[in-house]
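Fold and geometry: a report
Each chain, letter by letter, is given below.
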Amino acid sequence: MISALALISLWVGVVFVLLGALGLVRFPDVYNRMQAATKCVTLGVLGIMLGVFLRSGFNPLGIKAIIGAVFILLTVPVSSHALARGSLIAGVKLWKGTVKDQFTEDRGGKSIIEEGK
Amino acid sequence: MSRRIALFIAGLIIWLLLSWTLNYQEIIIGAVIALISAGMFGGYLPLEAKKLLNPVRWFWLLVYIPVFIWQCLKANVDVALRVLSPGLNLKPGIVKIKTSLKTEIARVFLANSITMTPGTLTVEIQDDTLYIHWIELRSTDPEEMAKMIKGPFEFFLARIFD
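The notes below deal with the structure included here. Remember, predicted model here, so these are calculated numbers, not experimental data.

Observations regarding the overall build of chain B
A tally of regular secondary structure across chain B gives seven helices and three strands. In terms of C-alpha radius of gyration, chain B reaches 20 Å, well past the compact-globule figure of 15 Å for 162 residues. Considering only C-alpha atoms, chain B reaches an extent of 60 × 35 × 25 Å along its principal axes. Per-residue burial over chain B gives 41% buried out of 162 residues.

Written out as structure tokens, the structure reads:
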């Protein structure tokens, strides 16, 4: 029973990591890609960690997996925040379909929305 | 001082979990390392011991964790569907919202929680203003937007950290 749960958890994790990677390729600009990279990959890695924990139980390996999962949950948003902020300040262009950019408006800078049809 | 003690205890617990043995040698080494790191970094801990020992806050934290996990799952399915849909369904924009949270640590957790909810990514915090990259702009009214983005988080975080 538990090993079946572990397998399901591992597979859910792998599928979400795959979707995250697909999102990195398909989405048009840095900021949208960051969304795919943070959300899907977080759940994917959490699923894999949970699967490892379920398979190995309460031994050094399983506990390390759980601690790693908590660490990832706390640090992934921070690093994505730092990357997105850095890109905005460095003036990396937003996708041409972007509707609104209040950050640059508030700073009084030139619009960094990509031009196009 | 109380912050250093809190950090020492937390560090020792994490060490013991990582080594997963109650051998006295491990405990001594862990205590020494936790003592050194608590001495070096204890001053940076953004929580006060008075708040740490309040059981009501811990209760709200326990309520908050399932809410957060549910939002996180929703976010993942939402982005996964977008990735798989042929037209991508994108209408991104960067908007700003205000928060009523007072302490730094509460704002940090709000920003992290927002990053984990469907389609939103915190880009910048300036005092009580958060700039959010939203993958699909569903509203332009500031109050409605703030409600949609913050979801249930502000209510819980105000009770946990403020």
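A look at the packing of helix α1 (residues 2-26) of chain A against helix α2 (residues 30-56) of chain A
Residue and element names in this part refer to chain A. As a packed pair, α1 and α2 sit with axes 7 Å apart at the nearest point and diverge in direction by 160°. By the angle class used here, α1 and α2 are roughly antiparallel. Viewed along their axes, α1 and α2 form a crossing whose handedness is left-handed. Residues that form the contact of α1 with α2 fall into these classes: 19 nonpolar, seven polar and two charged.

Looking at a nonpolar patch on the surface
A grouping of A:Phe58, B:Met1, B:Ile5, B:Ile9, B:Ile13, B:Leu17 and B:Trp20 is seen on the molecular surface, where their side chains present a nonpolar patch of about 740 Å² in accessible area. Tracing the chain through its elements places B:Ile5 in helix α1 (residues 2-19). With a relative accessible area of 43%, B:Ile5 lands in the partly exposed category.

Some points on the interface of chain A and chain B
Between chain A and chain B, the contact holds 44 residues from the first and 43 residues from the second. Buried surface at the junction of chain A and chain B, summed over both partners, amounts to about 3800 Å²; 71% is from carbon and sulfur atoms. Looking at the side of chain A facing chain B, the largest losses of area belong to A:Arg26, A:Gln35 and A:Lys39, adding up to 17% of the total buried there. Our enumeration of links across chain A and chain B arrives at one salt bridge. Residue B:Glu124 pairs with A:Arg85 through a salt bridge whose shortest N-O separation is 2.6 Å. Summed over the shared surface of chain A and chain B, the result is 11 residue pairs in polar contact (both at pLDDT 80 or more). Breaking the side of chain A that touches chain B down by element, the ones donating at least two residues are α1, α2, α3 (60-90), β1 (100-101) and α4 (102-107) of chain A. When residues of the side of chain A that touches chain B are assigned to their parent elements, the largest contribution, 14 residues, is made by α3(A). Considering only residue class, the side of chain A that touches chain B consists of 25 nonpolar, 11 polar and eight charged.

Some remarks on helix α2 (residues 24-41) of chain B
Residues and elements named next belong to chain B. Helix length check: α2, at 18 residues, gives a terminal C-alpha distance of 25 Å against a target of 26 Å (1.5 Å per residue), a fit within 8%. Of all the residues in α2, the buried ones are Gly30, Ala34 and Ala38. Projected onto a plane normal to the axis of α2, the buried residues spread over an arc of 65° and lie on a single side. α2 presents Ile28, Leu35 and Met40 as exposed residues on the side facing more than 90 degrees away from its buried surface.

Criteria and cut-off values
- Residues numbered from 1 in each chain as written.
- Chains lettered and ligands numbered in written order.
- Predicted model: local features only at pLDDT ≥ 70, side-chain atom pairs only at ≥ 80, totals over all residues.
- Heavy atoms only, no water.
- Helix = DSSP H or I, 4+ residues; strand = E, 2+ residues; numbered from the N terminus.
- Rg over C-alpha atoms; globule rule 2.2 N^0.38 Å.
- Buried < 20%, exposed > 50% of the residue type's maximum accessible area, 1.4 Å probe, protein only.
- Axes fitted to C-alpha atoms, helices over the stretch in contact; angles between N-to-C directions.
- Parallel < 35°, antiparallel > 145°, perpendicular 65-115°, else oblique.
- Left-handed = near helix turned anticlockwise from the far one by under 90°.
- Nonpolar A, V, L, I, M, F, W, Y, C, P; charged D, E, K, R; others polar.
- Patch = residues over 30% accessible without salt bridge, like charges linked within 9 Å, V, L, I, M, F, W, Y side chains within 5 Å.
- Areas by Shrake-Rupley, 256 points an atom, 1.4 Å probe, with all protein chains shown as cover.
- Salt bridge = Lys/Arg side-chain N within 4 Å of Asp/Glu carboxyl O.
- Contact = heavy atoms within 4.5 Å.
- Buried area = accessible area lost by both parts, 1.4 Å probe.
- Polar contact = N/O pair within 3.5 Å; in protein donor to acceptor, adjacent residues only side chain to side chain.
- Expected span 1.5 Å × (residues − 1).
- Arc of directions from axis to C-beta.

Coordinates in, geometry out; function isn't part of it.
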